[in-house]
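# Tertiary structure, described
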Amino acid sequence: MTVRFLCDSHRMLLSNQPAQAIKAWQESFDRGSLLYEKKEWQKALCFLGSAYETAEIIMINREVSADNAYELLASSAVLLANNFLMLGYQSESRKIYHLAINCLEQEISQSSTEQLGINGYLGHLYRNLWRLDCYPEKTGVAASTTIHLMSATMH
């Protein structure tokens, strides 16, 4: 189960240039968030998808501290999943949550020292997935509160 928003050449570029990957994530996430807030969900999709994939690259390549990488991945996943939900693609929203959960669970298996931090992000993603299953109507959150929701449910 994969999601592809980045072409192979961009994926390779971002994998080989850490500073570029971080900058690309920030630009994609910011642009996608802005479009999401304006309820331009179709336009936001490619930016939020790129941010999610770039966050995966950053985490896998250890471009930032582990906790920051997990936060980038989880916040990107939440906003992308909500964007899919607002477009009426509930199964795609669910898929994004599952992809992010699987990615973080793989991290636990590779690093027991980060287990507590990862579990916090996993809990947040599982709660969002549960809400999606319980409330199938469009219940997306505002992009500006995504990071706030992440930190509020982490502590």
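What you are looking at is a predicted structure, and each value in this text was computed from that prediction instead of being measured.

## Describing the overall build of the chain
- Counting its secondary structure elements, the chain contains seven helices and zero strands.
- Starting at the N terminus and walking to the C terminus, you meet the elements of the chain as α-α-α-α-α-α-α.
- Taking all 155 residues of the chain together, 43% fall into the buried category.
- For the chain, the proportion of contacts with a sequence separation of at least 24, taken over those separated by at least 6, is 71%.
- Looking at the chain as shown, the accessible area adds up to about 7,900 Å², and 55% of this sits on carbon and sulfur atoms.

## A closer look at helix α4 (residues 66–86)
- For α4, with 21 residues, the first-to-last C-alpha span of 30 Å sits near the 30 Å given by 1.5 Å per residue.
- Across the 21 residues that make up α4, a large majority, 17, are buried.
- Positive backbone phi, approximately 90°, marks G88, located one or two places after α4.

## Brief notes about the pattern of salt bridges
- Under the defined criterion, the tally for this structure stands at six salt bridges.
- As a salt-bridge pair, R11 and E53 come within 2.7 Å of each other at their nearest N and O atoms. With R11 in helix α1 (residues 8–16) and E53 in helix α3 (residues 41–60), this pair connects stretches of sequence that are 42 residues apart. Residues R11 and E53 agree in their burial class; the two are buried.
- The partner of K43 in a salt bridge is E40, with the nearest N and O atoms 3.4 Å apart.

## A word on the side chain of E63
- Mapping E63 onto the fold places it in the loop between α3 and α4.
- Buried within the structure, E63 lacks any salt-bridge partner; its nearest side chain of opposite charge belongs to R62, at an N-O separation of 9.5 Å.
- In this structure E63 touches S15, P18, I22 and I58, once residues within four positions along its chain are discounted.

## Describing the environment of Q90
- Within the secondary structure, Q90 sits in helix α5 (residues 90–110).
- For the pair formed by Q90 and L132, sequence separation is 42 residues and the distance between their alpha carbons is 7.9 Å.
- In terms of polar contacts, Q90 uses its side chain to reach the backbone carbonyl oxygen of L132, at 3.3 Å.

## Some remarks on the packing of α5 against helix α6 (residues 115–134)
- Put simply, α5 and α6 touch, their axes get as near as 10 Å, and they point 165° apart. By the angle between their axes, α5 is roughly antiparallel relative to α6. Two packed elements cross with a definite hand, and for α5 against α6 that hand is left-handed. Contacts between α5 and α6 pair Q90, S93, R94, Y97, H98, A100, I101, L104, E105, E107 and I108 from the former with Q115, I118, N119, Y121, L122, L125, Y126, N128, L129, L132 and D133 from the latter.
- Here the residues of the contact of α5 with α6 sort into twelve nonpolar, six polar and four charged.

## Some words on α3
- Helix length check: α3 (20 residues) gives 28 Å between terminal C-alpha atoms against 28 Å at 1.5 Å per residue, within 8%.
- For α3, a buried count of 14 out of 20 residues is recorded, marking the element as mostly surrounded by other parts of the structure.

## Section: the packing of aromatic side chains
- With the rule as written, the count across this model stands at four aromatic pairs.
- Measuring from ring centre to ring centre gives 4.8 Å for W25 and F29, while their planes differ by 20°; the resulting arrangement is stacked. With a gap of four residues between them, W25 and F29 both fall in helix α2 (residues 18–37), about one helical turn apart. F29 shares its class with W25; the two are buried.

The rules behind each value
- Within every chain, residues take consecutive numbers counted from 1 along the sequence as written.
- Whole-chain, interface and lining totals are the exception, using all residues; otherwise, since this is a predicted model, local features are given only for residues with pLDDT of at least 70 and side-chain atom pairs are given and counted only at 80 or more.
- By convention in this description, side-chain values take in all heavy atoms of the structure and omit both hydrogens and water.
- Under the DSSP-based scheme used, a helix requires at least four consecutive residues in state H or I and a strand at least two consecutive residues in state E, with every element numbered from the N terminus.
- Residue burial is assigned from relative accessible area. The probe radius is 1.4 Å, only protein chains are included, and a residue is buried under 20% of its type maximum, exposed over 50%, and partly exposed in between.
- Residues count as neighbours in contact if any of their non-hydrogen atoms are within 4.5 Å of one another.
- All accessible-area figures derive from a Shrake-Rupley calculation using a 1.4 Å probe, and residue coverage is judged against the displayed protein chains alone.
- Helix span, expected: 1.5 Å multiplied by one less than the number of residues in the helix.
- Should a side-chain nitrogen of Lys or Arg be within 4 Å of a carboxyl oxygen of Asp or Glu, the pair is scored as a salt bridge.
- Positive charges are assigned to Lys and Arg, negative charges to Asp and Glu, while His and the chain termini are left out of the count.
- Side-chain atoms alone can form a polar contact between residues adjacent in sequence; in general such a contact is a pair of N or O atoms within 3.5 Å, and within protein one must be able to donate a hydrogen while the other accepts it.
- Note on definitions: angles span 0 to 180 degrees between N-to-C directions of axes, and those axes are lines fitted to C-alpha atoms, for helices only across the stretch in contact.
- By definition in this entry, angles of less than 35 degrees are roughly parallel, angles greater than 145 are roughly antiparallel, angles of 65 to 115 are roughly perpendicular, and the rest are oblique.
- Throughout, a crossing is termed right-handed when the near helix is turned clockwise from the far one, and left-handed when it is turned anticlockwise from it by less than a right angle.
- Only Asp, Glu, Lys and Arg are considered charged in this grouping, and only Ala, Val, Leu, Ile, Met, Phe, Trp, Tyr, Cys and Pro are considered nonpolar; every other residue, Gly among them, is considered polar.
- Each aromatic pair joins two rings of Phe, Tyr and Trp (for Trp, the six-membered one) with centres within 6.5 Å, and gets the label stacked for planes under 30 degrees apart, edge-to-face for over 60, and tilted for any other angle.

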